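Okay, here's what each chain looks like letter by letter:
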Amino acid sequence: MLYQLRVSSGLRQSDLADLLKVPQSFISKIESGERRIDFIELREILKCFNTNTMEFLTEFENKINASRK
């Protein structure tokens, strides 16, 4: 979902990394699933997309529940 948000926002990994002041590899590892993030990191990433944290989490839960059916 974070990858989709980034792409739909027209940002490259390096653009998002610059906004977050982290290396581009940080974004790459998150998107590939190599690195997990904590809630604070998620919140900071979502701020870059002007995305509401609760709406994101609700959609995330809905996608997980739908995949289990």
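Everything discussed here concerns the structure shown above.
Residues numbered from 1 in each chain as written. Predicted model: local features only at pLDDT ≥ 70, side-chain atom pairs only at ≥ 80, totals over all residues. Heavy atoms only, no water.

**Q** Help me understand helix H3 (residues 24-32), please; the structure alone is not making it clear to me.
**A** One turn of the α-helix equals 3.6 residues, which is why residues spaced by three or four share an orientation. Here H3 has its buried residues at Phe26, Ile27 and Ile30. Seen end-on, H3 carries its buried residues on one side only, within an arc spanning 95 degrees. Following H3 by one or two positions, Gly33 adopts a phi angle in the positive range, close to 85 degrees. (Buried < 20%, exposed > 50% of the residue type's maximum accessible area, 1.4 Å probe, protein only. Helix = DSSP H or I, 4+ residues; strand = E, 2+ residues; numbered from the N terminus. Arc of directions from axis to C-beta.)

**Q** Teacher, can you tell me more about the nonpolar core here?
**A** Judged by nonpolar contacts, the single largest core of 13 residues is most densely connected at Leu2, Leu5, Leu16, Ile27, Ile45, Leu46 and Phe56. Those elements that place two or more of their residues in this core are helix H1 (2-8), helix H2 (13-20), H3 and helix H4 (39-48). Not counting residues within four places of it along the chain, the set of residues in contact with Phe56 comprises Met1, Leu2, Leu5, Leu42, Leu46 and Thr51. (Core = buried A, V, L, I, M, F, W, Y, C linked by side-chain atoms within 4.5 Å. Contact = heavy atoms within 4.5 Å.)

**Q** Looking at this structure, I do not really get empty space enclosed by the protein. What am I missing?
**A** The gaps of empty space that remain are located by a probe, the size of a water molecule, rolled over the atoms. Taken as a whole and assessed by the stated rule, the structure comprises one cavity of 30 Å³ or more. Around the largest cavity, the lining residues are Leu2, Arg6, Leu16, Ile27, Ile30, Glu31, Ile45 and Phe49. When contributions to the lining of the largest cavity are tallied by element, the ones reaching two or more residues are H1 and H3. Considering every element that reaches the lining of the largest cavity, the biggest residue donor is H3, with three residues. Residue composition of the lining of the largest cavity, grouped by class: six nonpolar, no polar and two charged. (1 Å grid on protein atoms, 1.4 Å probe; cavity = no way out; pocket = protein on both sides within 12 Å on 5 of 7 lines; lining within 4 Å. Points joined across faces, edges and corners; volume = space filled by probe spheres on them. Nonpolar A, V, L, I, M, F, W, Y, C, P; charged D, E, K, R; others polar.)

**Q** Hey, could you run me through the packing of H4 against helix H5 (residues 53-67) in this one?
**A** To describe two helices that pack against each other, one gives the angle between their axes and the distance between the axes. Here H4 crosses H5 at 110 degrees, and the two axes come no closer than 10 Å. With respect to each other, H4 and H5 are oriented roughly perpendicular. Classified by chirality, the crossing of H5 by H4 is right-handed. On H5, the residues touching Phe39, Leu42, Arg43 and Leu46 of H4 are Thr53, Phe56 and Leu57. The residue inventory of the contact of H4 with H5, partitioned by class, reads five nonpolar, one polar and one charged. (Axes fitted to C-alpha atoms, helices over the stretch in contact; angles between N-to-C directions. Parallel < 35°, antiparallel > 145°, perpendicular 65-115°, else oblique. Left-handed = near helix turned anticlockwise from the far one by under 90°.)

**Q** Sorry, what's going on with the side chain of Gln13 here?
**A** Among the secondary structure elements, Gln13 is positioned in helix H2. Of the polar contacts made by the side chain of Gln13, one reaches the side chain of Glu31; its length is 2.8 Å. Not counting the four nearest positions on each side in its chain, Gln13 is found in contact with Arg6, Gln24, Ile27, Ser28 and Glu31. (Polar contact = N/O pair within 3.5 Å; in protein donor to acceptor, adjacent residues only side chain to side chain.)

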